[in-house]
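Coordinate inspection notes
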Amino acid sequence: MRLAVLKERRGGETRVAATPETVKKFIALGCTVAVESGLGLHAGLTDAAYAEAGADVFADAATVLSGAGIVLKVRAPLGTGEGEVDELMLIPRGALVIGTLGADAAAAQRFAMLGLDAVSMELLPRITRAQSMDVLSSQANLAGYRAVIEAAFAYDKGFPMLMTAAGTIPAANVLVLGAGVAGLQAIATARRLGGRVSASDVRPAAKEEIKSLGAAFVGYEDEETKAAQTSGGYAKAMSPEYLAKQAEVVAVAAAKADIVICTALVQGRRAPILLNEAMVAAMKPGSVVVDLAAEAGGNCAATVPGEAITTVNGVKVLGYRNWPGRIAGAASNLYARNLLTFLTTFWDKEAKAPLLVETDDIIKGAQITRAGAVVHPNFLPKAA
Ligand code: NAD
């Protein structure tokens, strides 16, 4: 079974889907591995390291993909007219394509028409058994860490209280909006740097987690918050009435904050606006907003998605879209391990090939196409 790993050409992606460490393990499973030259350039991984791990390194995508049975990606392969290489057309029919494919119904149809079996890792169910292959968690964790580091860099005062002979510099007040995987890591990192941290979320479980990390809870609780969590563990979209009440408490905390880290997301929707224009206007000049939700529109009204820094009333708003990509080495290591765990879990040792068991909850959740047909309920044509 030939496993192919391409360079990421979409949207300035810096992460990679396989590292020399995972290449070795795929070879131990019985694969041959082909990688594209320059693959790991932005993640600190050289062609020589891949070759030493046992991969064949080729200069062009066509050779890498020739005869491939498995293709590993971070982002979806490029299609016709999307870039300098039509990657989709080069992938052999019948191959298994694994990545964070971000597919819609049309993309799912395209995979089916090309006879590709597509697995989209961001659709994996958030169940205990899938934790070690959960790319959303591994990447959000690092994004939460990186957000605080970038905030510290953009902030022109210190995080910890600094007592010096020349006087005392107070600790930074850090407000974290959204305390899921990224938010909890942001809380822990900001506390490690010496910040005074408070955080807000709508799920009752998150309130307990915020407090267990030593941060203060900022929030508005009512009957709606008691049922704010879906059966999948995600937050529900809150009503406009609730969001208005929440805004009142967040406004008070934001006015005192030096740093606001935004991480709130609602599945399948635009990210909720938790920091409106009036709140940004009331923030202290020199304070910093880091918007991890920029890719989903942003939690801050002043965020310009994709814009490194926008300055509004002296407040710096960081709106990068790809936060895990800003810590590409570690993010690639964890992402690559997630894919390795997925494939070893669904691996036929006799045949030395993937065996995606149709009835398994993980496969039901993540597989988009199989044997030329769309199989994922999200992408099936709607019944008339
Ligand atoms: P997410 O990225 O979808 O959202 C980030 C956070 O934003 C969530 O905590 C959410 O409650 C919060 N949020 C949404 N609307 C908000 C609002 N109006 N104000 C403030 N906060 C708001 O979430 P995630 O980090 O992917 O985690 C989702 C859930 O899945 C969590 O409960 C997490 O613990 C759980 N999880 C479970 C597993 C597992 O294997 N069991 C793995 C990972 C995550």
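Residues numbered from 1 in each chain as written. Predicted model: local features only at pLDDT ≥ 70, side-chain atom pairs only at ≥ 80, totals over all residues. Heavy atoms only, no water.

Heads up, the condition is: UniProt positions are given in the numbering used here, feature names are shortened, and annotations may be inferred rather than shown by experiment.
Taking an unreviewed UniProt entry as the reference, the protein chain is identified by name as proton-translocating NAD(P)(+) transhydrogenase belonging to Humitalea rosea. Of the comments in the UniProt record for the protein chain, the one headed Catalytic activity (unreviewed entry) reads "NAD(+) + NADPH + H(+)(in) = NADH + NADP(+) + H(+)(out)". The record held by UniProt for the protein chain lists under Function (unreviewed entry) the comment "The transhydrogenation between NADH and NADP is coupled to respiration and ATP hydrolysis and functions as a proton pump across the membrane."

1. Things to note about the overall build of the protein chain
For clarity, the threshold we go by: The numbering of helices and of strands both runs from the N terminus, where a helix is a DSSP run of H or I of at least 4 residues and a strand a run of E of at least 2. In this setup the radius of gyration rests on C-alpha atoms only. A globule is expected at 2.2 Å times the number of residues raised to 0.38. The buried label goes to any residue with under 20% of its type's maximum accessible area, the exposed label to any with over 50%, and the partly exposed label to all in between, with areas taken from a 1.4 Å probe on protein chains only. Between two residues, a contact is recorded if the distance between any of their heavy atoms is within 4.5 Å. Residue-level accessible areas treat just the shown protein chains as cover; the underlying method is Shrake-Rupley with a 1.4 Å probe. Residues scored as positive are Lys and Arg, those scored as negative are Asp and Glu, and His as well as the terminal groups of each chain are ignored. To locate a charge, take NZ of a lysine, CZ of an arginine, CG of an aspartate or CD of a glutamate.
If you tally the helices and strands in the protein chain, you get 13 helices and 19 strands. Whereas a compact globule of 384 residues would reach a radius of gyration of roughly 21 Å, the protein chain reaches 22 Å, a difference of no more than 12%. Structurally, the protein chain occupies a C-alpha span of about 65 × 55 × 40 Å along its principal axes. Residue burial in the protein chain is summarised as follows: out of 384 residues, 50% are buried. A sequence separation of at least 24 residues applies to 64% of the contacts in the protein chain between residues at least 6 apart. In the form shown here, the protein chain has an accessible surface area of approximately 16,900 Å², with 56% of it arising from carbon and sulfur atoms. Of the charged side chains in the protein chain, 37 are positive and 37 negative; the average position of the first set lies 4 Å away from that of the second.

2. Things to note about the packing of aromatic side chains
One pair of aromatic rings is described through two measures. These are the centre distance and the angle between the planes. The cut-off we apply is this: We call Phe, Tyr and Trp rings a pair once their centres come within 6.5 Å, taking the six-membered ring for Trp, and we label the pair stacked below 30 degrees between planes, edge-to-face above 60, and tilted otherwise. Cation placement over rings: the criterion is NZ of Lys or CZ of Arg within 6 Å of the ring centroid and within 35° of the ring normal.
Taken as a whole and assessed by the stated rule, the structure comprises 3 aromatic pairs. Ring centres of Tyr 320 and Trp 323 lie 5.2 Å apart, and the angle between their planes is 85°; on these two criteria the pair is classed as edge-to-face. In this structure Trp 323 comes out as buried when scored by relative accessible area, which is 1%. Relative to Phe 346, the ring of Phe 342 has its centre 5.3 Å away and its plane inclined at 50°; by these criteria the two rings are tilted. As far as burial versus exposure is concerned, Phe 342 and Phe 346 are alike and both buried. Geometry around Tyr 320 places Arg 326 over its ring, the cationic atom sitting 3.6 Å from the centre.

3. Considering the confidence of the model for the protein chain
Counted only if it meets this: Known as pLDDT, the predictor's per-residue confidence is scaled from 0 to 100.
For the protein chain, mean pLDDT is 96; residues scoring 70 or higher make up 99% of the total. For this predicted complex, the interface confidence score (ipTM) comes to 0.95, while the overall pTM stands at 0.95.

4. Comments concerning the sheet that holds strand E14 (residues 309-312)
Stated precisely, the cut-off is as follows: Strand pairing follows a simple DSSP-based rule, namely that at least 2 bridges must link the two strands. Angles run from 0 to 180 degrees between N-to-C directions of axes, and those axes are lines fitted to C-alpha atoms, restricted for helices to the stretch in contact.
Spatial ordering of the open sheet is given by E11-E10-E9-E12-E13-E15-E14, a layout of 7 strands whose pairing is mixed. Each edge of the sheet is formed by a strand with only one pairing partner; in this case those strands are strand E11 (216-217) and E14. Where strand E12 (residues 259-262) lies against strand E13 (residues 288-291), 4 bridges are found, and the strand directions are parallel. Counterpart to Cys 262 in the pairing with E13 is Asp 291. The sheet contacts of helix H10 (residues 240-256) involve strand E9 (173-177) and strand E10 (196-200), and relative to E9 the element is tilted by about 150°.

5. A few points about helix H1 (residues 20-29)
Put simply, the rule is: The arc under discussion is defined with respect to the helix axis, by the directions toward the C-beta atoms.
What H1 keeps buried is the set Pro 20, Thr 22, Val 23, Phe 26 and Leu 29. Down the axis of H1, the buried side of the element spans an arc of 165°, and every buried residue falls inside it. Opposite the buried face of H1, at more than 90 degrees from it, the exposed residues are Lys 24 and Ala 28. The inward-facing, buried residues of H1 abut strand E1 (2-5), strand E2 (32-36), helix H2 (47-53), strand E4 (70-72), helix H12 (328-345) and strand E16 (347-348).

6. A closer look at the pairing of E12
Of the two faces of E12, the one carrying Ile 259 and Ile 261 and the one carrying Val 260 and Cys 262 are both buried. Bridge count between E9 and E12: 4 bridges; the pairing is parallel. Across the sheet, the residue bridging to Leu 177 is Cys 262, located in E12.

7. Some words on the side chain of Lys 73
Mapped onto the fold, Lys 73 is located in the loop between E4 and helix H4 (87-90). If near-sequence neighbours (up to four positions away) are discounted, Lys 73 is found in contact with Leu 6, Lys 7, Glu 8, Ala 17, Glu 87, Ile 98, Gly 99, Thr 100, Tyr 335 and Leu 339.

8. Looking at the pairing of E9
Spelled out, the test is: Handedness rule for crossovers: strands pointing away from the viewer, path from the first strand over the helix to the second running clockwise, crossover right-handed.
Within E9, 4 of the 5 residues are buried, which leaves it mostly tucked inside the rest of the structure. Where E9 meets E10, 5 bridges bridge the pair, whose relative direction is parallel. Paired with Val 174 across the strands is Val 197, a residue of E10. Regarding topology, helix H7 (residues 181-192) serves as the crossover connection from E9 to the parallel E10, and that connection is right-handed.

9. A few points about the site of the ligand
Quick reminder of the rule: Nearness of a residue to a molecule or strand requires only that one of the residue's heavy atoms be within 4 Å of it. Here a polar contact means two N or O atoms within 3.5 Å. Within protein one must be a hydrogen donor candidate and the other an acceptor candidate, and residues neighboring in sequence count only if both atoms are side-chain atoms. Under the scheme applied, nonpolar residues are Ala, Val, Leu, Ile, Met, Phe, Trp, Tyr, Cys and Pro; charged residues are Asp, Glu, Lys and Arg; polar residues are all the others, including Gly.
Taken together, 23 residues lie near the ligand, and Ser 137, Val 181, Asp 201, Arg 203 and Gln 246 sit nearest. Between the ligand and Ile 127, the relevant distance is 3.4 Å, taken from an oxygen atom to a main-chain nitrogen or oxygen of the residue. In the environment of the ligand, an oxygen atom lies 2.8 Å from a nitrogen or oxygen atom belonging to the side chain of Arg 203. Protein chains shield 86% of the accessible area of the ligand, which is 840 Å² for the free molecule. Of the residues assigned to the shell around the ligand, the class counts are 11 nonpolar, 8 polar and 4 charged.

10. Thoughts on the environment of Gly 372
Its place among the elements puts Gly 372 in the loop between strand E18 (369-370) and strand E19 (373-374). It is 9.5 Å that separates the C-alpha atoms of Gly 372 and Arg 110, two residues lying 262 residues apart in sequence. Not counting the four nearest positions on each side in its chain, Gly 372 is found in contact with Ala 112 and Gly 115.

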